[in-house]
Amino acid sequence: MVRRVAVIGAGASGLVSIKCCLDEGLEPTCFERSEDIGGLWRFADNADCGRVSVYQSVITNTSKEMSSFSDFPCPEDFPNFLPHGLLLEYFRMYARHFQLLQHIRFKTTVLSVRKRPDFATSGQWEVVTETEGVQESHVFDAVMVCTGHYQVPHLPLASFPGIETHFKGRYLHSQEYKDAEAFRGKRVLVVGIGNTGGDIAVELSHVAAKVFLSARSNTWVYSRVSDHGFPFDMVSTTRFNHFLEWLLPSAITRRIKFRRFNSWFNHEIYGLASVKSSNFHVIINEELPFCMLSGTVVLKPNVKEFTKTSAVFEDGTTEENIDVVLFATGYIFSFPFLKESVRSPLKNNRSLYKCIFPPQLERPTLAIIGLVQLTGSVMAGAEIQARWVTGIFAGAYKLPSASRMMADVLKKQPLVKRNPSEPENLKMSFINYTSDIASCAGVKPSVLWLLLTDPQLAMAVFFGPCTPYQYRLVGRGRWSGARAAILTQWQRALKPLRTRVVEDGASPCSWRWLGLLALPAMLVVGFLLSKSPRPGWVPRGLSF
């Protein structure tokens, strides 16, 4: 019987894990090596003993409503996309409200997590920690690892001949980047066009003499500002869109997707991506196209090699007088405190059952929380993981046998092996994944049942944004405020924009007519679902 639970890390995943343990009547103890909560999102202008943190100007890529904890909406006066300081303040509000701080031991590093000798029957772990030079051993019934995947910088120097032996300039990983001032007047090459690489290239373009951005793969650039100025994820991440993608042939959905991307600007003209691209990824960046248009950021292909002062690219072109090379090449997740026999099978999150449980363990008392990169908010994904995991620890849910879990893991392994540090290896559909875990936990709402019992809520759940509050409507952990949170989510999204109110030309009646038109559409969807030949299917999710 699980009672005492060790939670490693007090970032977003750690905080929700503590809270979920308390909800299930468990006794959590969280170990945080730094002096405060927030993890990655607590900005530090220095290395801070190797702790990874965001850079000064970072802003969230998912909106506050899509990222809120499911029973604690973000304040309505907070902007839709939060600077790191406001997100950290939200974490502090959450921790205070649910009295989580008293369960955290700060400045405590976890040195090792080992199975107890009787693990096969007890499932217990021995956790050794160090606080101010003093080591201590503890016994826990279960362990929740909440350290995330931004742990060890991935610096693939071997893939760039000459960077270590010939290049005379400076090179660094994006982990060391905090602000642009140190690069004023420099000619900078940014390697990697993920979200971080794009953000840093844009910021450097304001002070650097020239910025080059090297891209290895095809990339579609999307804006946080969607149609009519709404947050993009509140418009695109809906169960209705999700259903359409399942219903339509994949060739048509890809064409619709590419057309939507190109409706902002033609990516092929900019050298970013083509509609014929088979391997591509999506980044969020409003300013990058203008920087390219104005010449302050120049897009380049992959680097072939470095000389003393220049970079030679795979298309044969050369850029001279490079002062700094900044590698935005991602991170490798690592669990140095786990024993090798436990750690070695964890090649990537797909080697875990539901991206959470190592299936090879005799007892399912070790859970990895937040090691999943979704097309939506990782915070929301981590919370639904923690709710299911703590329910299992409390005995409310049961896992399949080890053989069935292993079979499921093998079935979902990618066909092509990739470097585990690459984001594509972790990327999963937000609605697919959260709905899957919610189904396991018995908290996924039934749209058809809502249509019969609460049509207004049903339309908001199906046609509106798939916010985390939906997973508090039913089942274990049901929250009485979930319905109101869903029906008022657009009010909270629009509130911070109401700093200067102009006359609204739209007729209020138009929204009522829209609701009446939506009702027949839901009935058609319900009919199709009821006739589906695949009971228990999980449709494919939108990939942005």
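Residues numbered from 1 in each chain as written. Predicted model: local features only at pLDDT ≥ 70, side-chain atom pairs only at ≥ 80, totals over all residues. Heavy atoms only, no water.

1. A few points about the overall build of the protein
For the protein, the helix and strand inventory stands at 18 helices and 22 strands. Here the protein, with 544 residues, has 53% of them falling under the buried criterion. Long-range pairs, those at least 24 residues apart, make up 69% of the contacts in the protein between residues at least 6 apart in sequence. Accessible surface, the protein: about 25100 Å² in total, of which carbon and sulfur atoms supply 55%. (Helix = DSSP H or I, 4+ residues; strand = E, 2+ residues; numbered from the N terminus. Buried < 20%, exposed > 50% of the residue type's maximum accessible area, 1.4 Å probe, protein only. Contact = heavy atoms within 4.5 Å. Areas by Shrake-Rupley, 256 points an atom, 1.4 Å probe, with all protein chains shown as cover.)

2. Side note on helix H1 (residues 12–23)
Here H1 is twelve residues long and its end C-alpha atoms lie 17 Å apart, about the 16 Å a rise of 1.5 Å per residue gives. Of all the twelve residues making up H1, ten are buried; the element is thus mostly covered by neighbouring parts of the structure. Looking at H1, one finds that the buried residues are Ala12, Ser13, Gly14, Leu15, Val16, Ser17, Ile18, Lys19, Cys20 and Cys21. Tucked into the core, H1 has its buried residues touching strand E1 (4–8), strand E2 (27–31), helix H3 (84–97), strand E3 (104–105), strand E7 (142–145) and helix H11 (378–393). Remark: Gly25 follows H1 within two positions and exhibits a positive phi of approximately 80 degrees. (Expected span 1.5 Å × (residues − 1).)

3. Concerning the sheet that holds strand E11 (residues 210–214)
Strand order in this open sheet of five strands is E9-E18-E10-E11-E14, and the pairing throughout is parallel. The open sheet has two free edges, formed respectively by strand E9 (170–173) and strand E14 (297–300), since each of these has just one partner strand. Here the average twist between neighbouring strands, direction ignored, is 20 degrees. Note that E9 and strand E18 (residues 324–327) share four bridges and pair parallel. Along E18, the bridge assignment pairs His173 with Phe327. (Pairing = 2+ DSSP bridges. Axes fitted to C-alpha atoms, helices over the stretch in contact; angles between N-to-C directions.)

4. Quick notes on the sheet that holds E1
Pairing in this open sheet of five strands is parallel, and the strands run E3-E2-E1-E7-E20 from one edge to the other. This sheet does not close on itself; its edge strands, each paired only once, are E3 and strand E20 (366–368). Packed on one face of the sheet, H11 meets E1, E7 and E20 and runs near 175 degrees to E7.

5. So, unusual backbone geometry
In this structure, Gln99 takes a positive phi of about 55 degrees despite not being glycine. Mapped onto the elements of the fold, Gln99 is located in the loop between H3 and E3. Residue classification places Gln99 among the exposed positions, given a relative accessible area of 52%.

6. Section: helix H5 (residues 195–204)
Among the ten residues in H5, eight count as buried, and that is most of the element. Considered for burial, the residues of H5 that qualify are Gly197, Gly198, Asp199, Ile200, Ala201, Val202, Glu203 and Leu204. Elements in contact with the buried residues of H5: strand E10 (187–191), E11, strand E13 (280–284), helix H9 (288–294), E14 and E18.

7. Observations concerning the confidence of the model for the protein
With 89% of its residues at a pLDDT of 70 or more, the protein shows a mean pLDDT of 90. This stretch, residues 417–425, has a pLDDT under 50; its non-local contacts, to residues over four places away or in other chains, come to 19 contacts. In the predicted structure, residues 532–544 sits below a pLDDT of 50 and forms 35 contacts with residues beyond four places in sequence or in another chain. (pLDDT = per-residue confidence, 0-100.)

8. Points about the nonpolar core
Membership of the largest hydrophobic core comes to 95 residues, with the highest contact counts inside it found for Phe91, Met144 and Trp388. Per-element accounting of this core gives the leading share, nine residues, to H11. Residue-level mapping places this core at the junction of two domains, with at least three residues from each of domain 1 (4–151 + 333–412) and domain 2 (154–329). Excluding residues within four positions of it along the chain, Trp388 makes contact with Tyr353, Lys354, Ile356, Phe357, Tyr397, Leu399, Ile437, Cys440 and Ala441. Listed in part, the 22 residues of the second largest apolar core include Ile8, Trp125, Phe333 and Leu366. (Core = buried A, V, L, I, M, F, W, Y, C linked by side-chain atoms within 4.5 Å. Domains from an automatic or database assignment.)

9. Observations regarding the pattern of salt bridges
Following the criterion strictly, the structure yields 21 salt bridges and no others. Asp454 is the salt-bridge partner of Arg483, the closest N and O atoms lying 2.6 Å from each other. Separated by 29 residues along the polypeptide, Arg483 in helix H16 (residues 482–487) and Asp454 in the loop between helix H14 (447–453) and helix H15 (455–463) bring together distant segments of the chain. Note on Asp454: relative accessible area 16%, which makes it buried. (Salt bridge = Lys/Arg side-chain N within 4 Å of Asp/Glu carboxyl O.)

10. Some thoughts on the packing of aromatic side chains
This model, assessed by the stated rule, comprises 34 aromatic pairs. With a centroid separation of 5.9 Å and an interplanar angle of 45 degrees, the aromatic rings of Phe333 and Phe335 are classed as tilted. Classification of Phe335 by relative accessible area gives buried; the value is 2%. Centroid distance Tyr353 to Trp388: 6.5 Å. Interplanar angle 50 degrees. Geometry classified as tilted. Taken together, the residues Tyr353 in the loop between helix H10 (340–343) and E20 and Trp388 in helix H11 connect sequence positions 35 residues apart. Note on Trp388: relative accessible area 3%, which makes it buried. The ring centre of Phe98 lies 4.5 Å from the NZ or CZ of Lys19, which sits over that ring. (Phe/Tyr/Trp six-rings, centres within 6.5 Å; stacked < 30°, edge-to-face > 60°. Lys NZ or Arg CZ within 6 Å of the ring centre and 35° of its normal.)

11. Overview of the pairing of E1
Most of E1 is tucked away: four of the five residues are buried. Note that E1 and E2 share five bridges and pair parallel. Bridging from a neighbouring strand, Val5 pairs with Pro28 of E2. Traced from E1 through H1 to E2, the parallel crossover comes out right-handed. Of the strand pairs in this sheet, E1 and E7 are connected by four bridges, and their pairing is parallel. Note that in E7 the partner of Ile8 across the bridge is Val145. (Right-handed = clockwise from strand over helix to strand, strands pointing away.)

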